[in-house]
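If you want the building blocks of each chain, they are given just below.
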Amino acid sequence: MPDPVLVGPALAEFQEARERISAVVTQTPLESSHYLSNVLGSAVYLKCENLQRTGSYKIRGAYNRLSRLSDEDKARGVVAASAGNHAQGVALAARELGIRATIFMPVGVPLPKLQATKDYGADVVLRGHTVDEPLRAAAEFAEETGAVFIHPFDHPDVVTGQGTLGLDILDQRPDVETVVVPIGGGGLISGVASAIKQRAALDGRIVRVIGVQATNAAAYPVSLAAGAPRDVTILPTIADGIAVSRPGALNFEIISSAVDEVVTVTEDEMARALLVLLERAKLVVEPAGAVGVAAILAGKIRAVGSTVVVLSGGNIDPMVMERVISHGLAASERYLKLRIPLPDRPGQLARVSGLVAECNANVVEVLHTRHNGGLAISQVELELHIETRGPEHAEQVLARLRDEGFEPRVDF
């Protein structure tokens, strides 16, 4: 169990920050989830920061940081770099405080995040194709202009602002025993873990805090094993909001002391979690914000009493959501893509369609071709996209086709 004496902000600082940011931050709902409770084996509640102003928790840290700037610093303006959520948090905080903000964003940033940042009044500059390039550009801009660089996670005021979320959780669910939090650079979980551990200790209680990272962007397991922050190579991930290659120095120090465990989830597991949140909780959540739910569904969280899962953001591009939903359906075996070689003679397509219909599965798309490699000259290939009710139903469809002599190959 981590040492209860923590590095970082004191409990009084979290409480002061909570008062400071109350002008712009709302206390988001804490919703119970019967579905996830059944999966985990104990009560599960969803902390809906996807419903926060700007669509994520980031406004907490951004507003706390900007509001503590001196008048001289405010007059110089601020600069930040972000793929979306931090950008929107800084932009809104700057607007509310009358500070000029310049935000560097990657060229491929989703349009809704780009437009929202502009709508909050920030000057947006597109630079590079990863978050690292806008970060370098922002640092150069700060050096050249004197603007104050607002780090997305590695600063005491940002950590303190994010930690106010932990106080909200304890107010809304005083009996909580486990809190599950997404991790990117570590600003959110370091603040939440520090605030929760300190306040729970006053009541003589211990609350577990578990962090979750995307497998393709998991700097913390490597760093914790090494005892110091380490760089990792970021692989393609739908969780762009937590794709950070190196832990923050302050964040790592706090997390090493205050976080009980860090687990990782795959792309398929995140896609499935988004689908569950849409269908079961009627909540729109971005992939980075859904990693805690993904960890529960994948059996990576051990049930210990009342559990709160932080949904850290809901800023997802509708085009990305469409792809992720399709991927989630495939990962749940509710959407099958089949390739079936057939004799090149009339009636075969009708025969296959009839068998699928007998199993009460729904054909979504059909491609019938003679031109795929590997086919005999007397064969065609049928590509079917089929909706099913889940793994058992999918296997029934496949078994029925095989029983009739067909050889379906599942692509996804």
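Note: the structure precedes this text.
Thresholds, definitions, all that
Residues numbered from 1 in each chain as written. Predicted model: local features only at pLDDT ≥ 70, side-chain atom pairs only at ≥ 80, totals over all residues. Heavy atoms only, no water. Patch = residues over 30% accessible without salt bridge, like charges linked within 9 Å, V, L, I, M, F, W, Y side chains within 5 Å. Areas by Shrake-Rupley, 256 points an atom, 1.4 Å probe, with all protein chains shown as cover. Salt bridge = Lys/Arg side-chain N within 4 Å of Asp/Glu carboxyl O. Helix = DSSP H or I, 4+ residues; strand = E, 2+ residues; numbered from the N terminus. Buried < 20%, exposed > 50% of the residue type's maximum accessible area, 1.4 Å probe, protein only. 1 Å grid on protein atoms, 1.4 Å probe; cavity = no way out; pocket = protein on both sides within 12 Å on 5 of 7 lines; lining within 4 Å. Points joined across faces, edges and corners; volume = space filled by probe spheres on them. Nonpolar A, V, L, I, M, F, W, Y, C, P; charged D, E, K, R; others polar. Axes fitted to C-alpha atoms, helices over the stretch in contact; angles between N-to-C directions. Parallel < 35°, antiparallel > 145°, perpendicular 65-115°, else oblique. Contact = heavy atoms within 4.5 Å. Pairing = 2+ DSSP bridges. Expected span 1.5 Å × (residues − 1). Polar contact = N/O pair within 3.5 Å; in protein donor to acceptor, adjacent residues only side chain to side chain. Phe/Tyr/Trp six-rings, centres within 6.5 Å; stacked < 30°, edge-to-face > 60°.

Novice: Can you walk me through a nonpolar patch on the surface in this structure?
Specialist: Among the surface-exposed residues, Leu 349, Val 363 and Val 366 lie close enough to one another that they form a single nonpolar patch of about 190 Å² accessible area. For Val 366, the location among the structural elements is in strand β12 (residues 362–369). Using a relative accessible area of 42% as the deciding quantity, one classes Val 366 as partly exposed.

Novice: Which parts of the structure should I look at to understand the pattern of salt bridges?
Specialist: When the charged atoms of two side chains lie near each other, side chains of opposite charge can form a pair. Here the structure, examined in full by the defined rule, presents 22 salt bridges. Here Glu 381 ties to Arg 339 by a salt bridge, and the two come within 3.3 Å at their closest N and O atoms. Of this pair, Glu 381 sits in strand β13 (residues 379–387) while Arg 339 sits in strand β11 (residues 335–343), and the two are 42 residues apart along the sequence. Judged by its relative accessible area of 15%, Arg 339 falls in the buried class. Salt-bridge contacts for Arg 339 lead to Glu 383; the nearest nitrogen and oxygen are separated by 2.9 Å. Of this pair, Arg 339 sits in strand β11 while Glu 383 sits in strand β13, and the two are 44 residues apart along the sequence. Glu 383 gets classed as buried once you look at its relative accessible area, which sits at 12%. Within this structure, Arg 18, Glu 49, Arg 60, Asp 168, Asp 171 and Arg 199 form a network of salt bridges that share partners.

Novice: Even after reading the chapter, I still don't get the layout of surface pockets, so can you show me in this structure?
Specialist: Remark: the empty space left among the atoms is shown by a probe the size of a water molecule rolled over them. Estimated volume of the second largest pocket: approximately 220 Å³. Lining of the second largest pocket is provided by Tyr 35, Arg 272, Leu 275, Val 276, Glu 279, Arg 280, Ser 332, Arg 334, Arg 389, Gly 390 and Pro 391. Its residues assigned to classes, the lining of the second largest pocket comprises four nonpolar, two polar and five charged.

Novice: How should the packing of helix α1 (residues 11–21) against helix α8 (residues 156–172) be read in this particular structure?
Specialist: Packed helices, taken two at a time, are described by their axes: the angle between them and the distance between them. Running from N to C, α1 and α8 point in directions that differ by 90 degrees, and their axes come no closer than 8 Å. Here α1 is positioned roughly perpendicular relative to α8, judged by the angle of their axes. Across the interface between the two elements, Leu 11, Glu 13, Phe 14, Gln 15, Ala 17, Arg 18 and Ile 21 from α1 touch Val 159, Thr 160, Gly 161, Gly 163, Thr 164, Leu 167, Asp 168 and Asp 171 from α8. Looking at the contact of α1 with α8 residue by residue, the classes come out as six nonpolar, five polar and four charged.

Novice: Hey, could you run me through the pairing of strand β2 (residues 44–48) in this one?
Specialist: The side chains of a regular strand alternate, first on one face of the sheet and then on the other. Counted residue by residue, β2 has five buried out of five residues, so it is predominantly covered. Side chains Val 44, Leu 46 and Cys 48 of β2 all project onto a buried face; the interleaved residues Tyr 45 and Lys 47 project onto the opposite face, where all are buried too. Where β2 and strand β10 (residues 307–311) come together, five bridges link them in parallel fashion. In the strand pairing of β10, Tyr 45 is matched with Val 308.

Novice: I'm lost on helix α14 (residues 318–331) in this one. Help?
Specialist: Structurally, the α-helix is built with 3.6 residues per turn, so residues lying three or four positions apart point the same way. For α14, which comprises 14 residues, the first-to-last C-alpha distance of 19 Å matches the rise-based estimate of 20 Å (1.5 Å per residue) to within 8%. Taken as a whole, α14 has its buried residues at Met 321, Val 324, Gly 328, Leu 329 and Ala 330. For α14, the secondary structure elements touched by its buried residues are α12 (267–281) and β11. Capping the start of α14 is the job of one residue whose side-chain oxygen sits 2.9 Å from the backbone nitrogen of Met 319: Asp 317. Once α14 ends, the next one or two residues include Glu 333, with phi positive near 60 degrees.

Novice: Quick question: what am I supposed to make of the environment of Glu 407 here?
Specialist: As for its placement among the helices and strands, Glu 407 is situated in the loop between α16 (391–403) and β14 (409–410). By relative accessible area, Glu 407 is classed as exposed at 60%. Each C-alpha atom of the pair Glu 407 and Tyr 220 lies 44 Å from the other, and the pair is 187 residues apart in sequence.

Novice: Just checking my understanding: could you explain the packing of aromatic side chains for this structure?
Specialist: Think of a pair of aromatic rings as described by two things: how far the centres are apart, and how the planes are tilted against each other in angle. Counted under the stated rule, the structure contains two aromatic pairs. Residues Phe 104 and Phe 141 carry aromatic rings whose centres are separated by 5.7 Å and whose planes lie at 65 degrees to one another, so their mutual orientation is edge-to-face. A residue pair is termed long-range when its members are at least 10 positions apart, and Phe 104 in strand β4 (residues 101–105) and Phe 141 in helix α7 (residues 132–145) qualify at 37 residues. Under the relative-accessibility criterion, Phe 141 is labelled partly exposed at 23%. With a centroid separation of 6.3 Å and 20 degrees between ring planes, the pair formed by Tyr 220 and Phe 252 is classed as stacked. Note that Tyr 220 is positioned in helix α10 (residues 219–226) and Phe 252 in helix α11 (residues 249–258), a separation of 32 residues in sequence. Grouping residues by exposure puts Tyr 220 and Phe 252 together as buried.

Novice: How do you make sense of the sheet that holds strand β5 (residues 123–126) when you look at a structure like this?
Specialist: Either a parallel or an antiparallel arrangement is found when strands of a sheet pair, and the pairing is made through backbone hydrogen bonds. Judged by pairing direction, the sheet is parallel, and its four strands sit side by side in the order β5-β4-β3-β6 without closing on themselves. Looking at strand neighbours, the two that pair on one side only are β5 and β6 (148–149), the edges of this open sheet. Here two bridges tie strand β3 (residues 78–81) to β6, and the two strands are oriented parallel to one another. When the bridges of β6 are listed, Val 79 appears paired with Phe 149. Docked against the sheet, α7 engages β3, β4 and β6, running at close to 165 degrees with respect to β3.

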